[in-house]
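The chain contents come next:
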Amino acid sequence: MTYLIGDFYEVREFHSTIQEIVHEGGPAAEEPLLKACVGAVIRNPFAGRYVEDLSPLTAPSAALGTELGRRAVALLGGRKVEGYGKGGIAGLSGEQDHVVACVTTVFGNAFRDAIGGGDAWISSATKTAAAGTAIDIPLAFKDEVYVRSHYDAIPFQVPDGPRPDELLICVAVSTGARVHHRVGGMTVAEYQASLS
């Protein structure tokens, strides 16, 4: 039996992780920071061969962005998304650009819509690696990439994926700034004030 996202991406499994950070050695935060990541392990139709045109991976990717965004938001238990990121890993018979083709603007716009909107560029990390390899998905404030307090990452790993003929496509979300952030830069309040 094949499970599809949209009518193209053949999914073998989903994985997710969530971190709840109370403190980083200093005082406890008023509200813990939640960071969550969700990934889909999908079949790579181009594994083992070079293909010039990767648009078959890009064109239907809105469905993938929507599904992963929906799952990521659910992990936050009703708290709003303030930070986001994306990325993934190509299995060893694939190429890094196979992942990149899945997470372009088509994917990103759908992901933004699924998490409640966002104006900033979505930070991204991609690579080619063996099953079980970890990746750090970068996070940044969803409306203005220069809000330094939200620069962060969440580690993500799928023990049995991606296999050589698979891709791991993932998204990450956060509910706020790093716990104990104190290195200056534009704040969320300053960004919001600049809009008026």
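Remember, predicted model here, so these are calculated numbers, not experimental data.

A. Summary view of the packing of helix 2 (residues 61–75) against helix 4 (residues 105–115). The contact between helix 2 and helix 4 brings their axes to 7 Å, and the two run at 30 degrees. Judged by the inter-axis angle, helix 2 sits roughly parallel to helix 4. Seen along the crossing, helix 2 lies across helix 4 with a hand that is right-handed. The segment helix 2 lies against helix 4, with S61, A62, L64, G65, T66, L68, G69, R70 and V73 engaging V106, F107, A110, F111, A114 and I115.

B. Structural detail: empty space enclosed by the protein. Evaluation of the coordinates by the stated rule reveals 1 cavity of 30 Å³ or more. By volume, the largest cavity is sized at about 30 Å³. In this structure, the largest cavity is lined by F8, Y9, E10, R43 and P45. In terms of residue class, the lining of the largest cavity is built from 3 nonpolar, no polar and 2 charged.

C. Structural view of the layout of surface pockets. Each pocket or cavity is described by its volume, and for the largest pocket that value is around 180 Å³. Breaking the lining of the largest pocket down by element, the ones donating at least two residues are helix 4 and strand 5 (123–128). If you tally residues by element for the lining of the largest pocket, the top one is helix 4, at 3 residues.

Thresholds applied
Residues numbered from 1 in each chain as written. Predicted model: local features only at pLDDT ≥ 70, side-chain atom pairs only at ≥ 80, totals over all residues. Heavy atoms only, no water. Axes fitted to C-alpha atoms, helices over the stretch in contact; angles between N-to-C directions. Helix = DSSP H or I, 4+ residues; strand = E, 2+ residues; numbered from the N terminus. Parallel < 35°, antiparallel > 145°, perpendicular 65-115°, else oblique. Left-handed = near helix turned anticlockwise from the far one by under 90°. Contact = heavy atoms within 4.5 Å. 1 Å grid on protein atoms, 1.4 Å probe; cavity = no way out; pocket = protein on both sides within 12 Å on 5 of 7 lines; lining within 4 Å. Points joined across faces, edges and corners; volume = space filled by probe spheres on them. Nonpolar A, V, L, I, M, F, W, Y, C, P; charged D, E, K, R; others polar.

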